[in-house]
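Structural overview
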Amino acid sequence: MLLARCGGESTACTLGDLQAVQPDINVTSEWMTELDGRWFILRVSGMPSASEFSWFSSDIVPTPLGLVTYNNIRTKTSGCSIHAIERESTANRQVFSGHDGSSMVLAAMDGQGQHALVYTCASLLLRAADTCLSPVAMLVSRRSDVIPADEWMTSLRASSPLPCYDVNQSVAVSNGDGSACPLNQMVALPGRDCRVANFPVQANFDLTEYVSKPWKEMAWLAANYTPSSEFYQDYVHTYTLRPNGAVLCQVAARTPSDECLHYQINMTRTQTPGKLLFYYGGDDIPYNVISTDYDHYALVFGCVAVVADSDRCLLGKGWLWSRDVTLARELRLQANAMLIDMCINPAAMYSTTHSNPCVKGTSDADGSKYRPVSTTLIAMFLLCLALIAV
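Residue numbers restart at each chain and count upward from 1, following the sequence in its written direction. The model is predicted, so local features are restricted to residues of pLDDT at least 70 and side-chain atom pairs to those at 80 or more, both for listing and for counting; the totals for chains, interfaces and linings are taken over all residues. Hydrogens and water are ignored here; the side-chain numbers use all heavy atoms of the structure.

Let us now look at the pattern of salt bridges. Only one rule defines a salt bridge in this text: a Lys or Arg side-chain nitrogen within 4 Å of an Asp or Glu carboxyl oxygen. On inspection of all chains with the given rule, the structure shows 8 salt bridges. Between Asp 145 and Arg 143 there is a salt bridge; the shortest N-O distance is 3.6 Å. Summary of the burial criterion: residues with accessible area below 20% of their type's maximum are buried, those above 50% are exposed, and those between are partly exposed, where the area comes from a 1.4 Å probe applied to protein chains only. Judged by its relative accessible area of 31%, Asp 145 falls in the partly exposed class. Among the ionic pairs, Arg 254 bridges to Asp 234, the shortest N-O distance being 2.2 Å. Taken together, the residues Arg 254 in strand 15 (residues 247-254) and Asp 234 in strand 14 (residues 233-241) connect sequence positions 20 residues apart. Only DSSP runs of H or I with at least four residues qualify as helices, and only runs of E with at least two residues qualify as strands; both kinds are numbered from the N terminus onward.

Below, the structure is given as structure tokens:
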């Protein structure tokens, strides 16, 4: 998942060698979606500099053309750095080609999608028997605990030789909690225009159509790492266009403590269609509709802080909305590509689930929180009414 070789001896093995590690690997059309999310790099072979790493994680973001890896590295002598690498799919679904000439090969993955063996090649010489030059082999896992990954690797080695992987020379990365790298909202890839003034807005924006039905949040842009236990779920915006042209936003969400939260936000229009402001926390926050088809999805972003003496965004708020409780995979990939083009890291977008929508009931003491109304309670209430009627 790295860009290329990071030191070590110049060795080579063929693509055939790498694919022979797990010849029965199930490479489906959903392969990139299975890779989506965070992976911890636990062991590295062929990269001596990895001995200086105290944290090494890779956030994989699928796109319509391939994927982007956001590698977060903390060394023992310096702070964190992030390296974004764009790769395209190839006819061989296990191989992703980098714009810099490097390649990433997925050699093996366990049946549950929790552990994988990944190789990167400084280049893949197709005219020399698909030779992988300067290979770096990495044992990666969804968890930072190395023991389950090592057990899987042991079983893998028992059934197949691992080319260009020296277990005795491999470097372990601790990935301790205290070494975690911070979340980076804004990450620029080559060829992208990161100036806020040039961020797109939906052409011919129709506000009446946009507010005609509720929008359900599919993902939101986090400012820093947030554990899933603190996520709000069932998050919905319902908009009302007022006679004076302003917009009232009614918010319903389920809190981490399983209470329902209801509140209102006042929104105002600007002179640019598709660009609105919503009043939140004492400030007017930009709410710019980047793209929408009105019937299925909407991508919204607003920059709240820019880099000094620059038009580059430092911190923003963003949402991916759907009219339904789910969103088609192709629309998610399309949204990822649009975010990347705006130098926004899609890995900082946290997903929202919808399973228990909030319905207003008896308010709490502060008048702002409501308990979810469960189907069980509704059924009991109807039963009681029936008994009374008898």
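Unoccupied space between atoms shows up once a probe the size of one water molecule is rolled over them. Any residue with an atom within 4 Å of a point lines the site, the site being either a cavity, points on a 1 Å grid over the protein atoms alone where a 1.4 Å probe fits but cannot get out, or a pocket, an open set with protein on both sides within 12 Å along at least 5 of 7 lines. Grid points are joined across faces, edges and corners, and a volume is the space filled by probe spheres set on the points. Of the voids in this model, the largest pocket is the one considered here, and its volume is about 960 Å³. When residues of the lining of the largest pocket are traced back to their parent elements, those giving at least two are strand 2 (37-45), strand 3 (53-62), helix 5 (329-341) and strand 21 (349-351). Of the residues forming the lining of the largest pocket, the biggest block, 6 residues, is contributed by helix 5. Taken together, the residues of the lining of the largest pocket break down into 21 nonpolar, 9 polar and 6 charged. For the second largest pocket, the calculated volume is near 590 Å³. Sorting the residues of the lining of the second largest pocket by element identifies strand 13 (215-221), strand 14, strand 16 (260-269), strand 17 (275-280) and strand 20 (313-322) as the ones contributing at least two each. In terms of residue count, strand 20 provides more of the lining of the second largest pocket than any other element does, 5 residues in total. Of the residues belonging to the lining of the second largest pocket, the class tally is 16 nonpolar, 5 polar and 3 charged. Ten residue types, Ala, Val, Leu, Ile, Met, Phe, Trp, Tyr, Cys and Pro, are classed as nonpolar, four, Asp, Glu, Lys and Arg, as charged, and the remainder, Gly among them, as polar.

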